[in-house]
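A look at the structure
The chain contents come next:
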Amino acid sequence: MVAAGAAGVLFPAAFAGEALPSLVGRAQALGAEPVVSVSNAEEAEAALEAGCRLLVFSGLSVDDAIQLRESLVKQHGETAAGAHVCKLRQDHMPSLASDMESSWVLRDAGFSGVWPTENMYKNGMDDIHTGIFAMGAKASRKFCSTTAFTQKAEGAREFLGELLD
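Because the structure is predicted, anything quoted here is derived from the model rather than measured.

What counts, and where the lines are drawn
Residues numbered from 1 in each chain as written. Predicted model: local features only at pLDDT ≥ 70, side-chain atom pairs only at ≥ 80, totals over all residues. Heavy atoms only, no water. Core = buried A, V, L, I, M, F, W, Y, C linked by side-chain atoms within 4.5 Å. Buried < 20%, exposed > 50% of the residue type's maximum accessible area, 1.4 Å probe, protein only. Helix = DSSP H or I, 4+ residues; strand = E, 2+ residues; numbered from the N terminus. Contact = heavy atoms within 4.5 Å. Axes fitted to C-alpha atoms, helices over the stretch in contact; angles between N-to-C directions. Parallel < 35°, antiparallel > 145°, perpendicular 65-115°, else oblique. Left-handed = near helix turned anticlockwise from the far one by under 90°. Nonpolar A, V, L, I, M, F, W, Y, C, P; charged D, E, K, R; others polar. Pairing = 2+ DSSP bridges. Arc of directions from axis to C-beta.

This part is about the nonpolar core. Core analysis: the biggest nonpolar cluster contains 28 residues, and Leu20, Val36, Val38, Leu55, Phe57 and Leu72 have the highest contact counts within it. Broken down by secondary-structure element, the contributors of at least two residues to this core are α1 (13-16), α2 (20-29), β2 (33-38), α3 (41-49), β3 (54-57), α4 (62-76) and α5 (96-108). For this core, the element with the highest residue contribution is α4, accounting for 6 residues. Apart from the residues within four sequence positions on either side, Phe57 is in contact with Val38, Ala65, Leu68, Arg69, Leu72, His84, Val85, Cys86, Lys87 and Phe111.

See below:
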């Protein structure tokens, strides 16, 4: 698997069931990083017990994902709880701006990454570049929201609203 170029393999915990520990172990034996997609605390616990260090929280709201991550960190410690990525739900993300805002919230909550919705690539390459750039920006919802950017700052050539349109 690794010789073919794969660095990791994704296992949905809901489908793996009791085979999850052997799947995680087999991926590690092949030199690939096992990534387990979880949608509740029981699946997350099973993935951690199986030795997985990277969890993808899928099918959860941003708030529920944050609560689950906090409970895992409280129970296992920051390092033992592994890295966390949140796959954003399409039904709660009507725009690229809300994907970006959610990514900021999740980053502030300690998530390692975000799996954006299809809003990221609906309108072509310009939006993909802008969206990825904005998600990685040092902006934060602690201080403002994406909708608060309505005027150009001194010396700026554009504002966030222009970048998203």
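And the narrative resumes.
In this section: the packing of α3 against α4. Geometry of a packed helix pair, given as the angle between the helix axes and the separation of the axes. Put simply, α3 and α4 touch, their axes get as near as 11 Å, and they point 40° apart. On the basis of their axis angle, the class for α3 and α4 is oblique. When you trace α3 past α4, the crossing you get is right-handed. Contact residues: Ala41, Ala44, Glu45 and Leu48 in α3; Leu68, Leu72, Gln75 and His76 in α4. Here the contact of α3 with α4 is built from residues that sort into 5 nonpolar, 2 polar and 1 charged.

Next up on the list: the sheet that holds strand β4 (residues 83-87). As summarised here, the arrangement of the 5 strands in space is β1-β2-β3-β4-β5, forming an open sheet in which the pairing is parallel. What marks the edges here is a single partner per strand, and that holds for β1 (8-12) and β5 (113-115). Averaged over neighbouring strand pairs, the angle between their axes works out to 25° when direction is ignored. In this fold α3 packs onto β2 and β3, with an angle of close to 165° to the strand it touches most, β2.

Turning our attention to α2. Buried within α2 are the following residues: Leu20, Val24 and Ala27. Projected down its long axis, α2 shows its buried positions confined to an angular sector of 65°, all on one face. For α2, the exposed residues set more than 90 degrees away from the buried face come down to Arg26 and Ala29. With its phi angle positive at about 85°, Gly31 sits one or two positions after the end of α2.

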